[in-house]
Amino acid sequence: MGKQIVILNGSPRKNGNTAALAKAFAQGAESAGHTVTGIFLDGLSIHGCKGCFGGDSGRACPCVQRDGMGSVYPLVRECQVLVLASPLYYWNLSGQLRTAMDRLFALEEGGVNQLRGNGRGGVLLMAAEGRGFQDALSYFNHLMEHLKWENLGHVLAGGNMEAGDIQGKPELAQAFALGKSIA
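Since the model is a prediction, treat every value here as computed from it, not as a measurement. Position numbers for residues count from 1 along each chain, tracking the sequence in the order it is written. In keeping with the predicted nature of the model, local features appear solely for residues at pLDDT of at least 70, side-chain atom pairs appear and are counted solely at 80 or more, and the whole-chain, interface and lining totals rest on all residues. Side-chain calculation: all heavy atoms of the structure are included, whereas hydrogens and water are not.

S.K.: Mind showing me how you'd approach the pairing of strand E2 (residues 35-40) here?
M.R.: Two faces, one strand: in a regular strand the side chains alternate between the faces of the sheet. Two strands are counted as paired when DSSP detects at least two bridges linking them. Helical segments are the DSSP runs of H or I of at least four residues, strand segments are the runs of E of at least two, and each set is numbered from the N terminus. Across six bridges, the pairing between strand E1 (residues 4-9) and E2 is parallel. When the sheet's bridge partners are listed, Gln 4 is paired in E2 with Thr 35. By definition, the crossover connecting two strands over a helix is right-handed if that path, from the first strand to the second, turns clockwise as seen with the strands pointing away from the viewer. With helix H1 (residues 17-31) bridging E1 and its parallel neighbour E2, the resulting β-α-β unit is right-handed.

If you want it as structure tokens, here you go:
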């Protein structure tokens, strides 16, 4: 039986290079029998974490804030693989993705921790003009370690400034292969 895979797309470009990587990954994963749900974070109104420690994983909406994260929480709760897709902004993930990731902390608060462990895995997909991915990759590796998730891999596509620059580049095939390799 296939896995439930959620792609959090943190790009502000709905049809940019990050979206192309996510699409290629999704096509590979779907060809292997998995179900993929993509979430375009820039289309949601998501507020920053308040640091209130008022979250409770036992609630339908675990965070005290009511915003676009309400549609993200149930999908992340149910997925076996979470894909972080982002352009590289100032050597790290986009603000859209970082904000959503900060807010996922509510799934670790109160009651039963619904985020950590449980045989889940994570993937990182990134596109950028440059190639300075080390800080973002370090964040992702630490996140996988903290969550006790399997690091399923990454595709880092540098040299892509304008939307569409990634077309025809090997990173699209790599993203497809990574999606197809999910077991």
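S.K.: So what exactly am I meant to see when it comes to the packing of aromatic side chains here?
M.R.: By convention here, two paired aromatic rings are described through the distance between centres and the angle between planes. Each pair of aromatic rings taken from Phe, Tyr and Trp, with Trp reduced to its six-membered ring, is defined by centres within 6.5 Å and is described as stacked if the planes are under 30 degrees apart, edge-to-face if over 60, and tilted in the remaining cases. Overall, the coordinates contain two aromatic pairs when judged by the stated rule. Ring centres of Phe 53 and Phe 105 lie 6.1 Å apart, and the angle between their planes is 85°; this geometry places the pair in the edge-to-face category. Note that Phe 53 is positioned in the loop between E2 and helix H2 (73-78) and Phe 105 in the loop between helix H3 (95-103) and strand E4 (121-127), a separation of 52 residues in sequence. For Phe 105, a relative accessible area of 35% gives the class partly exposed. Ring geometry for Tyr 90 versus Trp 91: centroids 5.7 Å apart, planes at 65°, classification edge-to-face. Each member of the pair, Tyr 90 together with Trp 91, is exposed. A cation sits over an aromatic face here: Arg 98 above Tyr 139, 4.4 Å from the ring centre. Note on exposure labels: buried denotes an accessible area under 20% of the residue type's maximum, exposed denotes more than 50%, and partly exposed covers the range between, all computed with a 1.4 Å probe on protein chains only. Placement of a positive charge over a ring is assigned whenever Lys NZ or Arg CZ falls within 6 Å of the ring centre and within 35 degrees of the normal to the ring plane.

S.K.: I would appreciate a short explanation of the environment of Cys 49 in the present structure.
M.R.: Structurally, Cys 49 is set in the loop between E2 and H2. For the pair Cys 49 and Asp 102, spaced 53 residues apart in sequence, the C-alpha separation works out to 6.2 Å. Contact criterion: two residues are considered in contact whenever any of their non-hydrogen atoms come within 4.5 Å of each other. Setting aside residues up to four positions removed in sequence, Cys 49 forms contacts with Gln 65, Asp 102 and Arg 103.

S.K.: Any chance you could explain helix H5 (residues 170-181) here in plain terms?
M.R.: The periodicity of an α-helix, 3.6 residues per turn, causes residues three or four places apart in sequence to face the same way. Here H5 is 12 residues long and its end C-alpha atoms lie 16 Å apart, about the 16 Å a rise of 1.5 Å per residue gives. Looking only at H5, the buried set comprises Glu 171, Leu 172, Ala 175, Leu 178 and Gly 179. Across the axial projection of H5, the buried residues extend over an arc of 125°, all falling on one side. Exposed positions of H5 whose direction lies more than 90 degrees from the buried face are Pro 170 and Ala 173. Among the structural elements, H1, E4 and strand E5 (150-157) are those in contact with the buried residues of H5. One less than the number of residues in a helix, times 1.5 Å, gives the span that helix is expected to have. Arc, as used here, means the arc of the directions from the helix axis to the C-beta atoms.

S.K.: Please explain the sheet that holds strand E3 (residues 81-87) as it appears in this structure.
M.R.: Adjacent strands of a sheet form backbone hydrogen bonds with each other and so pair up, either parallel or antiparallel. Taken in spatial order, the five strands make up an open sheet running E2-E1-E3-E4-E5, and their pairing is parallel. Of all the strands in the sheet, the pair left with one neighbour each is E2 and E5. On average, adjacent strands in this sheet sit at an angle of 15° to one another, irrespective of strand direction. Both E4 and E5 contribute to a ladder of seven bridges, which runs parallel. Bridging across to E5, Gly 121 finds its partner in Glu 150. Sitting on the sheet, H1 touches E1, E2, E3, E4 and E5, and the angle it makes with E4 is about 140°. Docked against the sheet, H3 engages E1 and E3, running at close to 150° with respect to E3. Angular values range over 0 to 180 degrees, each being the angle between N-to-C directions of two axes fitted as lines to C-alpha atoms, with helices fitted over their stretch in contact.

S.K.: Sorry, what's going on with H3 here?
M.R.: Restricting attention to buried positions, one finds in H3 the residues Leu 97, Ala 100, Met 101 and Arg 103. Taken down its axis, H3 places every buried residue within 160° of arc, on the same side. Each element contacted by the buried residues of H3 is listed here: E1, H2, E3 and helix H4 (134-147).

S.K.: Sorry if this is basic, but what is going on with the nonpolar core here?
M.R.: Here the nonpolar core consists of buried residues drawn from Ala, Val, Leu, Ile, Met, Phe, Trp, Tyr and Cys, with membership extended through side-chain atoms lying within 4.5 Å. Counting 35 residues, the largest nonpolar core has Leu 8, Leu 82, Leu 84 and Leu 104 as the members making the most contacts within it. Elements with a contribution of two residues or more to this core: E1, H2, E3, H3, E4 and H4. Top element by residues in this core is H4. It accounts for seven residues. When near neighbours in sequence (up to four residues on either side) are disregarded, Leu 8 contacts Ile 39, Leu 41, Val 72, Leu 82, Val 83, Leu 84, Ala 85, Leu 97, Met 101 and Leu 104.

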